[in-house]
Amino acid sequence: MTLELSLNQQPAHARQGSSIGQPLTRRDGFLKVTGGARYAADNHPPGMLYAVLAVSSIARGRVAALDTEAAKAHKGVVEVMTPKNRPALAIDPDAKDNPFMFRLDLLQNDQVRYPNQSIAVVIAETLEAATEGAALLSPRYEALPARVGLDGAKSFVPRGVGIGGPAVQHKGDVETGLRSAKTRIEATYETPAQYHNAMEPHAIVVAWDGDRLSIDTPSQGLAMAQGRIAGLFGIAPENIHIRSPFLGGGFGSKGMISGPQVLGILAARLVGRPVKLVLRREQMYGPVGHRAPTRQTLRMGMDGEGRLTAIDHHARTASSTFDDFFEPAADASHTLYASPAIATSHDAVRLDTGTPLFMRAPGEATGSIALESAIDEAAHACGMDPLEFRLRNYAEVEPMTGKPFSSKALRECYRQAAETFGWASRPLQPRLMRDADGFLTGWGMGTATFPALMFQAEARAVLRSDGSGLMETGAQDMGQGAWTAFAQIAADGLGLDIDRVEFRAGSSDLPNAGIAGGSGHTATAGMAIHNAGAAVIARLADLATGNEASPLFGAGNEGVLARGGRLYRRDDESRGESYAEILMRAGLTEIEAHGKGAPDPASQETYAKHAHGAVFAEVKVDPDFGQIRVTRLVGAFAAGRVINPRLVRSQYYGGMIWGISFALHEEAITDRRSGRIQNANLAEYHVPVNADVPSVEALLVHEDDPYVNALGIKGVGEIGITGTAGAIANAVWHATGVRPRRFPIRIEDLLG
Amino acid sequence: MRDFDYIRPATIPDAIAAAAEPGSAYLAGGTNLLDLMKGGIASPERIVDISRLPELNRIERLDDGGVRIGALVRNADLAYDPEFAKSYPAVAEALLSGASAQLRNAATVGGNLLQRTRCSYFYDTASACNRREPGAGCDALEGENRLHAVLGWSDACIATHPSDFCVPLVALDAVVEIEGKKGRRHVTLEEFHRLPGETPQRENALEPGDLIVAVRLPAEAASFSANARYLKVRERTSYAFAVVSAAAALVVDGGKIRAARLALGGVAAKPWRARSAEAVLLGADANEATFASAADAALADASPSGDNAFKIELARRIVVRALISALSGTPKRLPALPASPFSNIPGVRHDA
Ligand SMILES: Cc1cc2nc3c(=O)[nH]c(=O)nc-3n(C[C@H](O)[C@H](O)[C@H](O)COP(=O)(O)OP(=O)(O)OC[C@H]3O[C@@H](n4cnc5c(N)ncnc54)[C@H](O)[C@@H]3O)c2cc1C
Ligand code: SF4
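In the nomenclature of an unreviewed UniProt entry, chain B corresponds to Xanthine dehydrogenase YagS FAD-binding subunit from the organism Rhizobium loti.

Under an unreviewed UniProt entry, the name given to chain A is Xanthine dehydrogenase YagR molybdenum-binding subunit, and the organism recorded is Rhizobium loti.

Structural data, given as structure tokens:
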């Protein structure tokens, strides 16, 4: 990381700061619990109309007829937007010039390529009129047979998986490794399609003013959304103002602007009035992404000591027929376990579904549950304790690349979590533990990992002559606590008490903070904030040290410390003065500076950067009914610097609960004939309820990482799912002796 | 929005008169009806809002020792009525195992009886469904049907009735009090819901305009209070419909079963009274062997309607466990996880 300033702002300096590391409660918490936080759909500009999508009930074919007359005749309906009258766009929604540019369904033609695809938009004076208008369209279709399921079409090897990584990779020769092994296992695991299901549906409130656009919509990436919309409408990005102060969850589905959101903008264009469009829950099962299903086969070989000789991880996944996103599940085997030979490969089928997308720990979550299950099977095949087996195969360097880790406190995670959990007394064989009530009891573990990613971000810092500070960056708070964590980093960066710092975020007219995704937002935007703070302090220091009237005169930048709204001489802390005094003497009302956050290419080249963790699970299983309950989860995670332990713990809890969800609950049930999702609602698409989450403990393991970035931050948003889902599956095996091979684990799989 | 008339009658006769028009529907708690209307599955032209009819809101003890529960008593109010819960613990347990606290606060006795199936094809108006549209066909057959019926189904419909409340009610000989154009009549709950046969759209004994005014439990129903349980296996610990459930009630004297009641939920288009199992139980020794024979009898006619053969074996095991639990006695306090196998229902087999 190249610091853009001359002032010494080493991590050691920042660590003395009074805000970073404090378990502050959410600064937006009060607004949220009192209903004062304004989410996108809470906005009602004057003259606003309501837009409602009509969506396809077939998976494939074309819309042969729509009764737009009937819809228009309905009282309150203002307009019906179809391919015939949809305002022109500057580019084809099917154009794609980079992997992050997803093809959108914007009524470009009458084709249907998945169920719940938008086929028309009804705009009306009331939500009710628009809803009924959409129903009155009574579409007629020419339908073709739907392609459903992982065997529903011819498979092929995609050109890239995830964000463009190779679909097939290897190191060493796995066949040789397998042949030389003393013990081998092979197992296949299936994971279902899952939908992000953020509590807040995708919503947009939009007003045009000539060629200017004012938009309220939840977004994990404001600048990207702005750029995408600008491209589609052929207007300048600066003409588009997007506000996204709060997201009711996103999990990846709000990373890119989605088709329905753009249809809201088109609808407003068509009618010349502000428009609100909010997806209904069932409409979120299609156009806003999902986690693709996978079928993964793992082969492993072990020598006489239980050392891996080969890992072969193959994943079959699915994408839509018209766009590319391939869940990089097999890549999970690249980073965790040492082996002389590792091969990962993917193939895919194209189905009549919406395009899959990043969903919290994309690839890592699906891959982890299979890898951790297979590791458990391998340990058992070697007659070894699963923890001992993992330690035997501990990767001292990144297995696939041979790079050293920038930091890796995984051993300590294993130790702390195992001790807290009480793992040592676990019997090796399954089906040996019963509780006092007779329930089968099982203990399982999994290793968690997630890459420490950084993207690009900018921030602007201001110091004012009243001694207060301002920090601006277009960061996005999905509920993870960005409003709080970034304010903490800003306070330390500016050398101010947090209450003296005004922090602005969540708006596209602020400096580009990049994307809240890939667990990289705190590191990336945090570094931008940190650097902007350092830069403005450097300017302030210049003003003081260059002025004879200042007690800091001649100290030079190296010799100045910023703390509590004052600059001090490093060599003599009795000599200092307040920011206000410095600015007033200089006759300035404020000074500003900018900072950037970005990965450092040199350290990127040298080091493998990952967060790690260990999760231990206890489950109870009813021996007769196969009903499962997770009774205890203990996770220990090492992810570099902790900005706010309360928020970080919440992220781990959330991830671990998602792990329960992955192992036991979530599944989109698709009709094998029509391709329609049968449980597109939160009554039947299960996620855990409170009673499914009895006891979750997250331990924060100390980890200093001098290489990831100057603040030493890795990400915490996604790692909690990984490890946890596998730990639960392994605990179910330990309880019952039945190895779960498809997820979610079902009652009938355990009935015996 | 589709326009409909909204009528709020002041009396029962007014309500019945208002609902006599074709296309009318009573609105009680609305937790099912409004969802059906939003989804386009039901589109009544006239809503008769009975939710404020005061006389339907009472729990009355009858002179003959029975109880009469007004059709508008909320599910939560009934379950938490101390006297009621003491006399009919399995009913209270079933009520509290259903839905969520918010829904139970809104849902009513009558509405619970009349809630529609959760068959996803019934809700998906693009699918063929004989229940929604007679003669259209049944897309659940050959579809995603692992939770569908294993008893009493027909090729016309394989849906289940989702109610928990109805399961102990049917076991305890509940009677539905109905008021219609021709006055008041009583139908046993066992006869109230219908099996699909060739006419799955005829779900129950109501005629157009009929109003459920109350559900009665006879005096005898309280005689099981010391040995009555409801057990519900589901796919998450709370807030899920039953995969299979059972209500069991016993009177045991000197190790012999003097009276027995058994009903299953989640297995058929109606709450399933297992009379053949009761016959096995009556007069037999109260032990696990008897219970296993009873379970076999209860499921003797079961057959999978799709990918759901596991429900038959599951149902057998649930019957056995429910009977063991009933035998070991109603707990003094309702468990924190009502009807859950994880509420420490005794009888989990240590040797399984
Ligand atoms: C997410 C969810 C989960 C649920 N989980 C469960 C569960 O686990 N177990 C369970 O048992 N139930 C469950 N339910 C169903 C719930 O119990 C029913 O929706 C509720 O009991 C219906 O009662 P209501 O008063 O709201 O009925 P309404 O919705 O008002 O009415 C339902 C139907 O009954 C008719 N009706 C109502 N009252 C009368 C009357 N007195 N006379 C004649 N007709 C009448 C109405 O016209 C309508 O057709 C769940 C529901 C939801 C939405
Ligand atoms: S099972 Fe019954 S409710 Fe379901 S689709 Fe078939 S007919 Fe309709």
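Draft legend 1. Summary view of the overall build of chain A. When its secondary structure is counted, chain A shows 17 helices and 27 strands. Taken over the C-alpha trace, chain A has a radius of gyration of 27 Å; the compact-globule value for 752 residues is 27 Å, and the two agree within 12%. If you line up chain A on its principal axes, its C-alpha atoms span 85 × 75 × 50 Å. Evaluated residue by residue, chain A yields a buried proportion of 63% over its 752 residues.

Draft legend 2. Representation of the overall build of chain B in the model. Summing up its helical and strand segments, chain B has 13 helices and twelve strands in all. The C-alpha atoms of chain B give 20 Å as radius of gyration, which agrees with the globular expectation for 352 residues (20 Å, within 12%). Across its three principal axes, chain B shows a C-alpha extent of roughly 60 × 50 × 35 Å. Counting over 352 residues, chain B shows a buried share of 59%. In chain B, 64% of the contacts between residues at least 6 apart in sequence involve partners at least 24 apart. Here chain B displays about 13700 Å² of accessible surface, and carbon together with sulfur accounts for 50% of that area. Each charge sign in chain B was given a centre, from 40 positive and 42 negative side chains, and these centres are 4 Å apart.

Draft legend 3. View of the domain arrangement of chain A. Residues and elements named next belong to chain A. Taken domain by domain, chain A holds domain 1 (2-37 + 457-598), domain 2 (41-144 + 202-278) and domain 3 (294-453 + 605-750). Computed over C-alpha atoms only, the centres of domain 1 and domain 2 are separated by 39 Å. Domain 1 puts 18 residues into the contact, and the matching count from domain 2 is 20 residues. Roughly 1300 Å² is buried in total at the junction of domain 1 and domain 2, and carbon and sulfur atoms are behind 56% of that figure. When residues of domain 1 are sorted by the area they lose upon contact with domain 2, Gln-476, Met-478 and Ser-508 head the list and together hold 39% of the total. At the surface where domain 1 touches domain 2, the tally comes to zero salt bridges.

Draft legend 4. Layout of the pattern of salt bridges. All names here are of chain B. Enumeration according to the criterion identifies 76 salt bridges over all chains in this entry. For Arg-275, the salt bridge goes to Asp-173, with nearest N and O atoms at 3.9 Å. With Arg-275 in helix H11 (residues 275-281) and Asp-173 in the loop between helix H9 (166-171) and strand E6 (175-180), this residue pair connects regions lying 102 residues apart in the sequence. Overall, Asp-173 belongs to the partly exposed group, its relative accessible area being 26%. When the shortest N-O distance is used, the salt bridge between Glu-313 and Arg-316 registers 3.0 Å. Within this pair, Glu-313 and its partner Arg-316 are both found in helix H13 (residues 310-327), separated by three residues, close to a single helical turn. Residue classification places Glu-313 among the partly exposed positions, given a relative accessible area of 30%. Sharing partners across several salt bridges, the network here consists of Asp-173, Glu-190, Glu-220, Arg-261, Arg-273, Arg-275 and Glu-278.

Draft legend 5. Fine view of the confidence of the model for chain A. Per-residue pLDDT for chain A has a mean of 95; in total, 97% of the residues score no lower than 70. Segment residues 1-16 of chain A is flagged for pLDDT under 50; beyond a separation of four residues in sequence, or across chains, it makes 36 contacts in the model.

Draft legend 6. Inspection of the packing of helix H8 (residues 364-381) of chain A against helix H16 (residues 724-736) of chain A at higher detail. All names here are of chain A. Direction vectors running N to C along H8 and H16 enclose 40 degrees, while the axes themselves pass 8 Å from each other. If you check the angle between H8 and H16, you find them oblique. As H8 packs across H16, the resulting crossing turns out to be right-handed. Here Ile-369, Glu-372, Ser-373, Asp-376 and His-380 of H8 lie close against H16, whose contacting residues are Ala-725, Gly-726, Ala-729, Asn-730 and Trp-733.

Draft legend 7. A look at the UniProt feature "domain: Aldehyde oxidase/xanthine dehydrogenase a/b hammerhead" (unreviewed entry) in chain A. The UniProt feature table records "domain: Aldehyde oxidase/xanthine dehydrogenase a/b hammerhead" (unreviewed entry) at residues 34-145 of chain A. The distance separating the terminal C-alpha atoms of residues 34-145 of chain A is 49 Å; by composition the span is 14% helix and 27% strand.

Draft legend 8. Up close: the sheet that holds strand E3 (residues 46-49) of chain B. Residues and elements named next belong to chain B. Spatially, the three strands line up as an open sheet ordered E1-E3-E2, and their pairing is parallel. Every other strand in the sheet has two partners, leaving strand E1 (5-7) and strand E2 (24-27) as the edge strands with one partner each. Averaged over all pairs of adjacent strands, the angle between their axes in this sheet comes to 25 degrees, without regard to strand direction. Inspection of the sheet shows E2 paired to E3 by four bridges, in the parallel sense. Paired with Ser-24 across the bridge in E3 is Arg-46. Contacts from helix H1 (residues 12-19) reach E1, E2 and E3 within the one sheet, and its direction differs from that of E2 by about 145 degrees.

Draft legend 9. Region of the structure containing the site of ligand 1. As a matter of local geometry, ligand 1 sits amid 31 residues, with Tyr-26, Gly-30, Thr-31, Thr-108 and Asp-164 of chain B nearest to it. Ligand 1 sits at a junction of chains, with neighbouring residues supplied by chains A and B. Gly-29 of chain B is positioned such that a nitrogen or oxygen atom in its backbone is 2.8 Å from an oxygen atom of ligand 1. Gln-115 of chain B is positioned with one of its side-chain polar atoms (N or O) 3.4 Å from a nitrogen atom of ligand 1. Burial of ligand 1 by the surrounding chains reaches 94%, relative to a free accessible area of 980 Å². Of all the secondary structure elements, the ones that give two or more residues to the shell around ligand 1 are helix H7 (109-114) and strand E8 (211-217) of chain B. Top contributing element to the shell around ligand 1 by residue count: H7 of chain B, with four residues. Looking at the shell around ligand 1 residue by residue, the class counts come to 16 nonpolar, twelve polar and three charged. Taken domain by domain, the makeup of the shell around ligand 1 includes at least three residues from each of domain 1 (5-51) and domain 2 (227-327) of chain B.

Draft legend 10. The side chain of Glu-398 of chain A, seen in detail. Residue and element names in this part refer to chain A. Note that Glu-398 resides in the loop between helix H9 (386-392) and helix H10 (410-421). Within the buried core, Glu-398 has no salt-bridge partner, and the shortest N-O distance to an opposite charge, that of Lys-403, equals 5.6 Å. Among the polar contacts listed, one links the side chain of Glu-398 to the side chain of Thr-401, at a separation of 2.6 Å.

Draft legend 11. How the structure looks around a nonpolar patch on the surface. Nonpolar side chains collect at one region of the surface, where Phe-100, Ile-163 and Met-224 of chain A lie side by side and expose about 290 Å² of accessible area between them. Relative to the elements of secondary structure, Met-224 of chain A occurs in helix H6 (residues 222-233).

Draft legend 12. Structural context of the pairing of strand E19 (residues 469-472) of chain A. Residue and element names in this part refer to chain A. Both faces of E19 are covered, namely the face carrying Gly-469 and Met-471 and the face carrying Leu-470 and Glu-472. Bridging between strand E18 (residues 457-464) and E19 involves four bridges; their strand directions are antiparallel. Counted as the bridge partner of Val-462 is Leu-470 from E19. Between the end of E18 and the start of E19, which pair antiparallel, lie four residues, with Gly-467 showing a positive phi angle near 90 degrees.

Draft legend 13. Highlighting the nonpolar core. Residue and element names in this part refer to chain A. Counting 78 residues, the largest nonpolar core has Met-300, Phe-616, Val-619 and Ile-728 as the members making the most contacts within it. If we skip the residues at most four places from it in the chain, Val-619 touches Leu-440, Thr-441, Gly-442, Ile-628, Arg-629, Val-630, Thr-631, Ile-728, Ala-731, Val-732 and Ala-735. Ranked by size, the runner-up nonpolar core spans 52 residues in total, among them Ala-513, Met-527, Ala-532 and Ile-713.

Draft legend 14. Broad picture of the interface of chain B and chain A. Taken together, the contact pairs 42 residues of chain B with 42 residues of chain A. Taken together, both faces of the contact between chain B and chain A bury some 3800 Å²; the carbon and sulfur share is 49%. With a closest N to O distance of 3.4 Å, Glu-684 of chain A and Arg-118 of chain B form a salt bridge. Along the contact surface separating chain B from chain A lie 20 residue pairs in polar contact (both at pLDDT 80 or more). Listing elements by their share of the side of chain B that touches chain A, those giving two or more residues are helix H8 (120-123), strand E9 (228-233) and H13 of chain B. In terms of residue count, the dominant contributor to the side of chain B that touches chain A is H13 of chain B (five residues). When its residues are assigned to classes, the side of chain B that touches chain A shows 18 nonpolar, eight polar and 16 charged.

Draft legend 15. How the structure looks around the environment of Gly-640 of chain A. Residues and elements named next belong to chain A. Note that Gly-640 resides in the loop between strand E26 (628-638) and helix H15 (645-665). Along the sequence, Gly-640 and Gly-712 sit 72 residues apart, while their C-alpha atoms lie 5.5 Å from each other. Ignoring sequence-local partners within four residues, the contact set of Gly-640 consists of Glu-703, Gly-712 and Lys-714.

What counts and what doesn't
- Residues numbered from 1 in each chain as written.
- Chains lettered and ligands numbered in written order.
- Predicted model: local features only at pLDDT ≥ 70, side-chain atom pairs only at ≥ 80, totals over all residues.
- Heavy atoms only, no water.
- Helix = DSSP H or I, 4+ residues; strand = E, 2+ residues; numbered from the N terminus.
- Rg over C-alpha atoms; globule rule 2.2 N^0.38 Å.
- Buried < 20%, exposed > 50% of the residue type's maximum accessible area, 1.4 Å probe, protein only.
- Contact = heavy atoms within 4.5 Å.
- Areas by Shrake-Rupley, 256 points an atom, 1.4 Å probe, with all protein chains shown as cover.
- Lys, Arg positive; Asp, Glu negative; His and termini not counted.
- Charge placed at Lys NZ, Arg CZ, Asp CG, Glu CD.
- Domains from an automatic or database assignment.
- Buried area = accessible area lost by both parts, 1.4 Å probe.
- Salt bridge = Lys/Arg side-chain N within 4 Å of Asp/Glu carboxyl O.
- pLDDT = per-residue confidence, 0-100.
- Axes fitted to C-alpha atoms, helices over the stretch in contact; angles between N-to-C directions.
- Parallel < 35°, antiparallel > 145°, perpendicular 65-115°, else oblique.
- Left-handed = near helix turned anticlockwise from the far one by under 90°.
- UniProt positions renumbered as here; feature names shortened; annotations may be inferred.
- Pairing = 2+ DSSP bridges.
- Near = heavy atom within 4 Å.
- Polar contact = N/O pair within 3.5 Å; in protein donor to acceptor, adjacent residues only side chain to side chain.
- Nonpolar A, V, L, I, M, F, W, Y, C, P; charged D, E, K, R; others polar.
- Patch = residues over 30% accessible without salt bridge, like charges linked within 9 Å, V, L, I, M, F, W, Y side chains within 5 Å.
- Core = buried A, V, L, I, M, F, W, Y, C linked by side-chain atoms within 4.5 Å.

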